[in-house]
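A structural walkthrough
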Amino acid sequence: MESLTSLVWETPAHTLFAASVALVILAFYSLYAVLHLIAPKPRPVVPSEKTYITTTPNGIVTRQLPCWHDRWLADRHASEARARNDDPTKTDIADTGSIEPAEVRMSVVFPAYNEEDRILPTLKEAVEYLDATFGRDPHPHHHQKTLPKRPVTPRKHVMNAPRDDLSGYEILIVNDGSTDRTVDVALEFSREHGLHDILRVITLEKNRGKGGGVTHGLRHVRGEYALFADADGASKFSDLGKLMEGCEEVVDGAHRGVAIGSRGHLVGSEAVVKRSALRNFLMRSFHLVLMILTPPATSRIRDTQCGFKLFSRAALPHIVPYMHAEGWIFDIEMLMLAESAPAVPVLGHDGSVIGSSPGIKVAEVPIDWHEVGGSKLNVIQDSIKMAIGLAVLRASWMMGVYRRRLM
């Protein structure tokens, strides 16, 4: 030890400085290489996962899934090619905000893995609300459906504003490699309630995790708004109306907005107190880690993990194409991507550009929630995985392993 100390004292300052810089650079590139090896990479989509099955009056059929993501990807490639041809010296940054028009008012994505015992009550509650609120006809001609009233915000002029004449809904059940009767139960429900081509079942060949299922479903939504909800029915589905109001309150000049259901107001309530002390401790510990590792807006969210989140259609191209996480941590990546989304113009009363608004704002909306048995979450094991996953996720975005680039 003494010899090492004396060696350091005898070494010239500029040599020590150079050695320190070299060590820092080596550590940086070593970490970068390690992250490339361990950071999650989404599994490529196979052709069968771009189809869906649905009921008809005569039975069950398989059809091709519409996919705004594929069209967006083609437009993005073409835009980048034009940018390179116009000026090869410029960075290839293409317009990422375009998305084809909506065909229905609301899309609902249910990720499902072995949910035969829990999905039926969820579907009943969802369809009852969606029928009453949106109806099944996207373009009603002979009657006027009562649509949810959007908050009047005369100060805002927005592009991509929702069409007032659009109604209807769709339900996408993403079967994440289930080995039980989840698909049969869903199709039986569809047949009994006449949800032909409204309830669509997409089957993934291999289990991808909840995040992978949600992301895949959101790539194929046709709605002006897109909700993903847990199949267990823990969230009160009629609170979707609150989420729509919250989303409309925070939309920017391009009508990008996100609203998330929150259980933060339930802390101290009977629903939370009844949980085990270990689960509550791990929940608070994870939230502390979240506050430390996530960027400012995301770190202030009280409940990032509630499975009840709504996106305006214009927000999807800034989030879905860049998703990597397929496990429990995917919610946080979605919120981080919303926060880091590119700026859009802010329009004045006369429609002129008066500024810019960076990021997509997120409204955190208190909802009714209750514990449902049968959760597949292993409290200790998955909490540790989530903490590690969050650290890897944040480091990957900070160090450029993940970027807003084409997948």
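The structure reproduced in this document is the subject of the present report. The structure presented is a predicted model; accordingly, all values stated were derived computationally and were not measured. (Residues numbered from 1 in each chain as written. Predicted model: local features only at pLDDT ≥ 70, side-chain atom pairs only at ≥ 80, totals over all residues. Heavy atoms only, no water.)

1. Remarks on the overall build of the protein chain
Here is the rule: Under the DSSP-based scheme used, a helix requires at least four consecutive residues in state H or I and a strand at least two consecutive residues in state E, with every element numbered from the N terminus. Areas reported as accessible are Shrake-Rupley estimates using a 1.4 Å probe. Residue values count occlusion only from the protein chains shown.
Along its length, the protein chain carries twelve helices and eleven strands. A total accessible area of about 19,900 Å² is found for the protein chain, and carbon and sulfur atoms account for 60% of it.

2. Observations regarding the nonpolar core
Basically, it comes down to this: To qualify as a nonpolar core, a set must consist of buried Ala, Val, Leu, Ile, Met, Phe, Trp, Tyr and Cys residues joined through side-chain atoms within 4.5 Å. Under the scheme applied here, a residue whose accessible area is under 20% of the maximum for its type counts as buried, over 50% as exposed, and between as partly exposed, the area being computed with a 1.4 Å probe on protein chains only. Residues count as neighbours in contact if any of their non-hydrogen atoms are within 4.5 Å of one another.
Counting residues in each nonpolar core, the largest one holds 49 residues, and the members touching the most others are Leu218, Val221, Phe311, Ile319 and Met334. At the level of secondary structure, the elements contributing two or more residues to this core comprise α3 (68-86), β4 (169-175), α6 (210-218), β6 (223-229), β7 (258-262), α9 (277-293), α11 (330-339) and α12 (379-398). At seven residues, α11 tops the list of elements feeding residues into this core. The contact partners of Val221, leaving out residues within four places of it in the chain, are Trp68, Ser107, Val109, Glu170, Leu172, Ala226, Arg313 and Leu316.

3. Structural notes on the pairing of strand β10 (residues 353-357)
What counts here: At least two bridges found by DSSP between two strands are what make those strands a pair.
As paired elements, strand β9 (residues 344-347) and β10 share four bridges and run antiparallel to each other. Its bridge partner being in β10, Leu347 is matched across the sheet by Val353. Once β9 ends, the chain turns through five residues before running back antiparallel as β10, passing Gly351 with a positive phi of about 90°.

4. Points about a nonpolar patch on the surface
The following threshold applies: Two joining distances apply to patches: 9 Å for like charges and 5 Å for nonpolar side chains (Val, Leu, Ile, Met, Phe, Trp, Tyr), and every residue must have over 30% relative accessible area and no salt bridge. Any carboxyl oxygen of Asp or Glu that lies within 4 Å of a side-chain nitrogen of Lys or Arg is treated as forming a salt bridge with it.
Together, Phe17, Val21, Ile25, Phe28 and Tyr29 give the surface a local cluster of nonpolar side chains, amounting to about 520 Å² of exposed area. Along the chain, the position of Tyr29 falls in helix α2 (residues 13-38).

5. Some details on helix α5 (residues 182-192)
Residues of α5 that are buried include every one of Thr182, Val183, Val185, Ala186, Leu187, Phe189 and Ser190, and no others. In this structure, the buried residues of α5 make contact with β1 (51-56), β2 (59-64), β3 (104-112), α4 (119-134), β4 and β5 (199-203). Of the residues one or two after α5, Gly194 is the one with positive phi, at around 65°.

6. A short note on the packing of aromatic side chains
To keep it simple, the criterion reads: Ring geometry is summarised as follows: Phe, Tyr and Trp rings, the Trp one being its six-membered ring, pair when their centres sit within 6.5 Å, and such pairs are stacked at plane angles under 30 degrees, edge-to-face over 60 and tilted between the two. Placement of a charge over a ring requires the Lys NZ or Arg CZ to be within 6 Å of the ring centre, with the centre-to-atom vector within 35 degrees of the ring normal.
Applying the stated rule across the entire model yields six aromatic pairs. Among the aromatic residues, those joined into a cluster by ring pairs are Phe110, Tyr129, Phe237 and Phe308. Here Arg263 stacks its cationic end above the ring of Trp369, 5.2 Å away from the centre of that ring.

7. Overview of α6
Among the nine residues in α6, nine count as buried, and that is most of the element. Turning to α6, its buried residues are Lys210, Gly211, Gly212, Gly213, Val214, Thr215, His216, Gly217 and Leu218.

8. Focus on the pattern of salt bridges
Counting across every chain of the model gives 19 salt bridges. When the shortest N-O distance is used, the salt bridge between Asp184 and Arg181 registers 4.0 Å. A salt bridge links Asp197 to Arg200; its shortest N-O distance comes to 3.2 Å. Looking at Asp197, the relative accessible area reads 25%, which means it is partly exposed. Judged by relative accessible area, Arg200 falls into the buried class, the value being 5%.

9. Considering the packing of α4 against α5
To keep things clear, this is the line we draw: Only the contacting stretch of a helix is used when fitting its axis, a line to C-alpha atoms as for every element, and angles between N-to-C directions run 0 to 180 degrees. Working definition: roughly parallel below 35 degrees, roughly antiparallel above 145 degrees, roughly perpendicular at 65 to 115 degrees, and oblique for all remaining angles. Handedness of a helix crossing follows the sense of rotation of the near helix relative to the far helix, less than a right angle counterclockwise being left-handed and clockwise being right-handed. Residues are grouped as follows: Ala, Val, Leu, Ile, Met, Phe, Trp, Tyr, Cys and Pro are nonpolar; Asp, Glu, Lys and Arg are charged; every other residue, Gly included, is polar.
Between α4 and α5, the least distance of the axes is 10 Å, while the angle of their chain directions is 30°. In this view, α4 runs roughly parallel relative to α5, as classed from their interaxial angle. α4 and α5 meet at a crossing whose hand is right-handed. Residues Ile119, Leu120, Leu123, Lys124 and Val127 of α4 pack against Thr182, Val185, Ala186 and Phe189 of α5. Of the residues that constitute the contact of α4 with α5, the class distribution is seven nonpolar, one polar and one charged.

10. Considerations on unusual backbone geometry
Positive phi outside glycine occurs at Asn114, with the angle close to 50°. Examined against the element boundaries, Asn114 turns out to sit in the loop between β3 and α4. Residue class for Asn114 comes out partly exposed when judged on its relative accessible area of 24%. For His255, which is not a glycine, the phi torsion comes out positive at approximately 60°. With respect to the helices, strands and loops of the structure, His255 is situated in the loop between α7 (240-250) and β7. Take His255: its relative accessible area is 3%, and that puts it in the buried class.

11. Topic: the side chain of Asp303
How we decide: Any pair of N or O atoms that falls within 3.5 Å is considered a polar contact. Within protein, one atom must be able to donate a hydrogen and the other to accept it, and sequence-neighbouring residues count only if both atoms are side-chain atoms.
By secondary structure assignment, the location of Asp303 is in the loop between α10 (296-299) and β8 (308-312). Within polar-contact distance, the side chain of Asp303 engages the side chain of Arg263 at 2.7 Å. Each residue touching Asp303, except ones within four places of it in the same chain, is listed here: Ile260, Gly261, Ser262, Arg263, Gly264 and Glu364.

12. So, the environment of Leu390
Residue position: Leu390 is located in helix α12. Note: C-alpha distance between Leu390 and Leu290 (100 residues apart in sequence) is 7.7 Å. Sequence-distant contacts of Leu390, defined by excluding residues within four places in its chain, comprise Phe286, Val289, Leu290, Leu293, Thr294, Ile329 and Ile332.

13. As for the environment of Pro140
Checked against the element boundaries, Pro140 lands in the loop between α4 and β4. Its relative accessible area of 21% is what places Pro140 among the partly exposed residues. On a C-alpha basis, the gap between Pro140 and Ser167 in space is 7.4 Å, while along the polypeptide they are 27 residues apart.

14. Looking at the side chain of Thr294
Examined against the element boundaries, Thr294 turns out to sit in the loop between α9 and α10. Among the residues examined, Thr294 registers a relative accessible area of 6% and is labelled buried. Polar contacts involving the side chain of Thr294 include one to the main-chain carbonyl oxygen of Leu290, which spans 2.5 Å. Polar side-chain contacts of Thr294 include one of 3.4 Å to the backbone nitrogen of Ser299. With near-sequence residues (within four places) excluded, Thr294 lies in contact with Ser299, Ile332, Met336, Leu390 and Arg394.

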